[in-house]
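Architecture at a glance
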Amino acid sequence: MTDHMHLIGFYMHSPINHTAISWADPDDGRLAAMGSFDQWKRLARTLERGMFDGAFFADTPGGFDVYRDSLDDYVRWGVCWPCHDPMALVGVMLAETSHLGLAVTMSTSGSHPYQTVRRISTMDHLSGGRVGWNIVSGHLRGEHRALGLDQLGHDERYDHADEYMEICYQLWDGIAPDAILADAATGQFADPARVAQLAFDGKYLKCHGVPPVMRSPQGRPVLFQAGSSGRGQSFAMRHADVVFSIQPRAEAMTRFVAKLADTARAEGRAETPKVTFGIQCVLGGTEAEARRHQAEMAERVPIDAALCRMSGTMGLDFSKLDLDSRLADNTTQASQGMLMALANMTGNGDATVRDAARMFGSSTGMPQVVGTPEQVADELERLWRSSGCFGFNVTPTTNIGSVEDFVDEVVPRLQAKGIYRTEYDGSTLRENLELPEVAA
């Protein structure tokens, strides 16, 4: 835990964020925002006014096709469909701000590392070092089918991703600080001897060429990772600056932070990666009003919409299971960490499939912090202090009104407690996240 709490906005570029059917709420503007830059610009300004470290975009390319072995419910209920490319928003939101960071999810299964470095690092260089990458190994079956790829098993996906990252590091580190000459007198732009030429031939990937993008002020993008399984945490120890996790209870958050610290020691990492947890805040003028809003959100979600998303994320067709069976009794090659987190949401591992679906439909498994602004600020402080986490990825209920309410009503209360910044600490995302510099 650092001396002040860190907050990151948590979004998707689809008709919903992390609450199914939220587009149908009259206070929500997400559907209209898919056809306009205006709301995303407003969101960026709001987050920067609220001193957020950044905005973090999840992504689900290819969609959820496991439930009933079909894409029908994915389309019928708009369960993150259509899912537009979040990279299109990154440049717009960066240009609208001067401190806010932008992190985008990209799969190691969905593109070549050369393309990934080129796309992400172009934005990182343009923004003066305000971009991050959420590394996912590609657990969605729908993504692989859409791209015509064979899906690797859980652990082998991480073996492939380790090799992927090796290429990325060589590309990021391949231009020496003194390589760019820009000598107008001679016309020589760069010294080839100071630019690495890759000749990488691995088990899964090949790359021959030179780095495609100049080095950014923060050295390389900030790296986020969300693997919660044993192999996922091992991958995070090698690569992540920040580990993002969804844990549905305070006790599970505390255990996760402790387990990650143990893994860091076992892997020989000098410092444990910073940990942020996903949460959803449901605000009201009174606690009763906030509880009514929470209930209305849950009641609006069709069970098939919730099960469609949960099936796709977990890689397990829940249409074939008894909804009242224990979730922990099922296994999956997809998101094992998420499955166990949901199974333990009751505190004893006895959560049923139906229990998990209710939670998944409303908040995709993230705990909901419900109440008045004072109550929400107090609970965030309690979760932060008790777990020892770095901060939270905050997903809205409705966009953009709930974000503005949080910034206007909760942030000042966190600041008054002395646990949240009143001005930015640096100009790069790495500086604002209190991360060490990347050696040149």
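Structure: above.
Residues numbered from 1 in each chain as written. Predicted model: local features only at pLDDT ≥ 70, side-chain atom pairs only at ≥ 80, totals over all residues. Heavy atoms only, no water.

**A word on the packing of aromatic side chains**
Geometrically, a pair of aromatic rings is defined through the distance of the ring centres and the angle of the planes. Per the stated rule, a full pass over the model turns up 13 aromatic pairs. Plain terms: the ring middles of F56 and F244 are 5.6 Å apart, the flat faces sit at 45° to each other, and that makes the pair tilted. In this pair, F56 is assigned in strand β2 (residues 54-57) and F244 in strand β10 (residues 242-245), connecting sequence segments 188 residues apart. Looking at F56, the relative accessible area reads 1%, which means it is buried. For F244, a relative accessible area of 7% corresponds to the buried category. An aromatic cluster of at least three residues, connected via ring pairs, comprises F10, F56, F224 and F244. (Phe/Tyr/Trp six-rings, centres within 6.5 Å; stacked < 30°, edge-to-face > 60°. Helix = DSSP H or I, 4+ residues; strand = E, 2+ residues; numbered from the N terminus. Buried < 20%, exposed > 50% of the residue type's maximum accessible area, 1.4 Å probe, protein only.)

**A look at the pairing of strand β7 (residues 198-201)**
Residues of β7 alternate between two faces, with L198 and F200 buried on one and A199 and D201 left unburied on the opposite face. Bridging between β7 and strand β8 (residues 206-209) involves four bridges; their strand directions are antiparallel. Considered in β8, the bridge of F200 is made with C207. Counting the residues that bridge the hairpin from β7 to β8 gives four residues. (Pairing = 2+ DSSP bridges.)

**Quick look at a nonpolar patch on the surface**
On the surface, a cluster of nonpolar side chains totalling about 250 Å² of accessible area is made up of L71, V75 and W81. Considering the arrangement of structural elements, one finds L71 in the loop between β2 and α3 (72-76). Assessed through its relative accessible area of 39%, L71 is described here as partly exposed. (Patch = residues over 30% accessible without salt bridge, like charges linked within 9 Å, V, L, I, M, F, W, Y side chains within 5 Å. Areas by Shrake-Rupley, 256 points an atom, 1.4 Å probe, with all protein chains shown as cover. Salt bridge = Lys/Arg side-chain N within 4 Å of Asp/Glu carboxyl O.)

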